[in-house]
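For reference, the chains in residue letters:
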Amino acid sequence: MTPSDQTRRASLLLIYTGGTIGMKQDPSTQALSPFDFSQILEEVPELRKFAYRIDSYTFDPIMDSSDVEPGLWQSLAKLILEKYDMYDGFVVLHGTDTMAYSASALSFMLENLAKPVIFTGSQLPIGIPRTDGKENLVSAIEIAAAKDKDGHAIVPEVCIYFDNMLMRGNRASKVSSDNFTAFRSMNMPPLAEAGISIRYNTPLIIRPSDWDSGLTIHTGLDTRVSILKIHPGITPQVVRNILCGEETRAVIMETYGCGNAPCKDWFINLVRQAAASGKVLLNVTQCLSGTVNMHLYSNGKALLEAGVVSGYDSTTESALGKLFFLLGQTGDNTLVKELLNRNFRGEISI
Ligand code: ASP
């Protein structure tokens, strides 16, 4: 079988969760409403040229991704497991607003993935002439179907494809509300770039250690996590409420630069108090690129000594998914702190 035979016969599952991409303008009212995805080949005739088998699955209800909750991620993981042997790859159509959160969470929930799970969406609905949705969809499908000469998926990872770029899902963030370049992966080069052809950055792509051992899903998520964004003028009351709230097991601290925060007594005392109560305190930077290094400045060192752990060069979206996943695996916060130093799915550079 030649490589082209292999890709021509690929079968894909297109999963529609909602978002702008699946909206169509009603010519009479001009209002945007979702279209029936079982008619996808009629709506996007370009897909016929592939001659892949493309089935679709539509979530009910479909949603603006601002409404996405971890329940959707659990349903997605279960659906992918249920259909895993029937398809060569999965394309998830999702609103852009929380796509980076969903792709991050799924990357941790799907273990030993040997098939592509490619999230995509668009800034303009697919029925509008200037839409970015058709290119995003068509290329995401091509990537989800792509196999190497041994018949293995070229990108067996959870990714986001957007505006000619394939990014590791747990490395991407939404950076623009209105440009077609809506996502960037600042700390990790793209896994592929689409021009006249799709150029894969093969050395960066993570492959399963064993192609045949099967997919395992982790749907037990513990969402008792808060995010504390440090800013000039932040008050002791706000910091106490977030760091010491009884309802959280972990707090992501979004700090300045390479992991710095105020070293005023009241602030460090609250951090110490939260750490002493057993909370996991994870430091990620507010900067778009670069990493946390708490050894560089005395303000960073004060956090380290107070019990804060490094999130390295993680995005906030990825840190949230990783904490939900790890807290869901164990009730032991000390173990979670240790595991945060492990690179599970290419989410941190260590
Ligand atoms: N609000 C929409 C959503 O995230 C935006 C989009 O799809 O681009 O569902």
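Residues numbered from 1 in each chain as written. Predicted model: local features only at pLDDT ≥ 70, side-chain atom pairs only at ≥ 80, totals over all residues. Heavy atoms only, no water.

Student: Requested: an account of the overall build of the chain, with residues and values cited.
Tutor: Looking only at helices and strands, one finds 10 helices and 18 strands in the chain. Taken against the 2.2 N^0.38 rule, which gives 20 Å for 350 residues, the C-alpha radius of gyration of the chain at 21 Å falls within 12% of a compact globule. On the principal axes, the C-alpha backbone points of the chain span a range of 65 × 50 × 35 Å. Taking all 350 residues of the chain together, 54% fall into the buried category. (Helix = DSSP H or I, 4+ residues; strand = E, 2+ residues; numbered from the N terminus. Rg over C-alpha atoms; globule rule 2.2 N^0.38 Å. Buried < 20%, exposed > 50% of the residue type's maximum accessible area, 1.4 Å probe, protein only.)

Student: Describe the site of the ligand, with residues and values.
Tutor: Around the ligand, the surrounding shell consists of G19, T20, D64, S65, G95, T96, D97 and S122. Within the side chain of D64, a nitrogen or oxygen atom sits 2.9 Å from a nitrogen atom of the ligand. Taking D97, its side chain carries an N or O atom lying 2.8 Å from a nitrogen atom of the ligand. Looking at the shell around the ligand, its residues break down into no nonpolar, 6 polar and 2 charged. (Near = heavy atom within 4 Å. Polar contact = N/O pair within 3.5 Å; in protein donor to acceptor, adjacent residues only side chain to side chain. Nonpolar A, V, L, I, M, F, W, Y, C, P; charged D, E, K, R; others polar.)

Student: Lay out the layout of surface pockets with the relevant residues and their values.
Tutor: The gaps of empty space that remain are located by a probe, the size of a water molecule, rolled over the atoms. Of the pockets and cavities examined, the largest pocket occupies roughly 390 Å³. If you trace the largest pocket, you find 24 residues lining it, with S173, L288, T315, T316 and E317 closest to the centre. Mapped by element, the contributors of at least two residues to the lining of the largest pocket are α4 (99-109), β10 (173-174) and α9 (316-329). In terms of residue class, the lining of the largest pocket is built from 6 nonpolar, 10 polar and 8 charged. The calculated volume of the second largest pocket comes to roughly 280 Å³. Looking at the second largest pocket, it is lined by 16 residues, and the ones nearest its centre are N112, L113, I206, F344 and R345. (1 Å grid on protein atoms, 1.4 Å probe; cavity = no way out; pocket = protein on both sides within 12 Å on 5 of 7 lines; lining within 4 Å. Points joined across faces, edges and corners; volume = space filled by probe spheres on them.)

Student: How would you summarise the sheet that holds strand β15 (residues 225-229) if you had to cite specific residues and measurements?
Tutor: Spatially, the 4 strands line up as an open sheet ordered β15-β16-β17-β18, and their pairing is parallel. What marks the edges here is a single partner per strand, and that holds for β15 and β18 (309-310). The pairing of strand β16 (residues 250-255) with strand β17 (residues 280-285) spans 6 bridges and is parallel. Along β17, the bridge assignment pairs I252 with L282. Strands β15, β16 and β17 of the sheet are contacted by helix α6 (residues 236-244), whose axis makes an angle of about 155° with β15. (Pairing = 2+ DSSP bridges. Contact = heavy atoms within 4.5 Å. Axes fitted to C-alpha atoms, helices over the stretch in contact; angles between N-to-C directions.)

Student: If you had to explain the sheet that holds strand β12 (residues 192-194) to someone new, which residues and values would you point to?
Tutor: Pairing is mixed in the open sheet, where 8 strands are placed in the order β4-β1-β5-β7-β8-β9-β12-β13. Here the strands that pair on one side only, and so sit at the sheet edges, are β4 (53-58) and β13 (198-200). Taken pair by pair, the neighbouring strands of this sheet meet at an average axis angle of 25°, ignoring direction. Pairing geometry for strand β8 (residues 158-162) and strand β9 (residues 165-168), over 4 bridges, is antiparallel. Residue pairing for β9: C159 is matched across the bridge by R168. Contacts from helix α3 (residues 70-83) reach β1 (11-16), β4, β5 (89-93) and β7 (117-120) within the one sheet, and its direction differs from that of β1 by about 160°. Packed onto the sheet, α4 meets β7 and β8 and runs at close to 155° relative to β8.

Student: Can you break down α4 residue by residue, with the values?
Tutor: Most of α4 sits out of view: 10 of its 11 residues are buried. Three or more residues of α4 are buried, namely M99, A100, S102, A103, S104, A105, L106, S107, F108 and M109.

Student: Explain the pairing of β16 to me, using residue names and the numbers behind them.
Tutor: In terms of residue burial, β16 counts as a mostly covered element, since 6 of its 6 residues are buried. Burial along β16 is two-sided: the residues A250, I252 and E254 and V251, M253 and T255 are all buried. Taken together, β15, α6 and β16 form a β-α-β motif whose crossover is right-handed. Since β16 and β17 lie parallel, the crossover through helix α7 (residues 265-276) that links them has a hand, and here it is right-handed. (Right-handed = clockwise from strand over helix to strand, strands pointing away.)

Student: Provide a residue-level description of the pairing of β7, including the pertinent values.
Tutor: Walk down a regular strand and you will see the side chains alternate between the two sheet faces. Both faces of β7 are covered, namely the face carrying V117 and F119 and the face carrying I118 and T120. This β-α-β element, β7 to helix α5 (residues 133-145) to β8, shows left-handed connectivity.

Student: Outline empty space enclosed by the protein, listing residues and values.
Tutor: This structure, assessed with the given rule, holds 1 cavity of 30 Å³ or more. What the largest cavity holds in volume is close to 60 Å³. Here the element with the most residues in the lining of the largest cavity is α9; it accounts for 3 residues. For the lining of the largest cavity, the class distribution of residues is 5 nonpolar, 4 polar and 1 charged.

Student: Now, about the environment of L124: what can you tell me, with residues and values included?
Tutor: You can see L124 is positioned in the loop between β7 and α5. By relative accessible area, L124 is classed as partly exposed at 22%. With sequence-adjacent residues up to four places away left out, L124 is seen in contact with T20, R130, T131, D132, G133 and F180.

Student: Pulling in residues and values, what's your account of the nonpolar core?
Tutor: If you look at the biggest cluster of nonpolar residues, it comprises 53 residues, and the most contacted ones within it are I15, L106, L110, V117, F119, I160 and L323. Aside from chain neighbours lying at most four places away, what touches I15 is Y57, F59, L76, L79, I80, F90, V91, V92 and L93. Ranked by size, the runner-up nonpolar core spans 35 residues in total, among them F50, L93, C159 and Y161. (Core = buried A, V, L, I, M, F, W, Y, C linked by side-chain atoms within 4.5 Å.)

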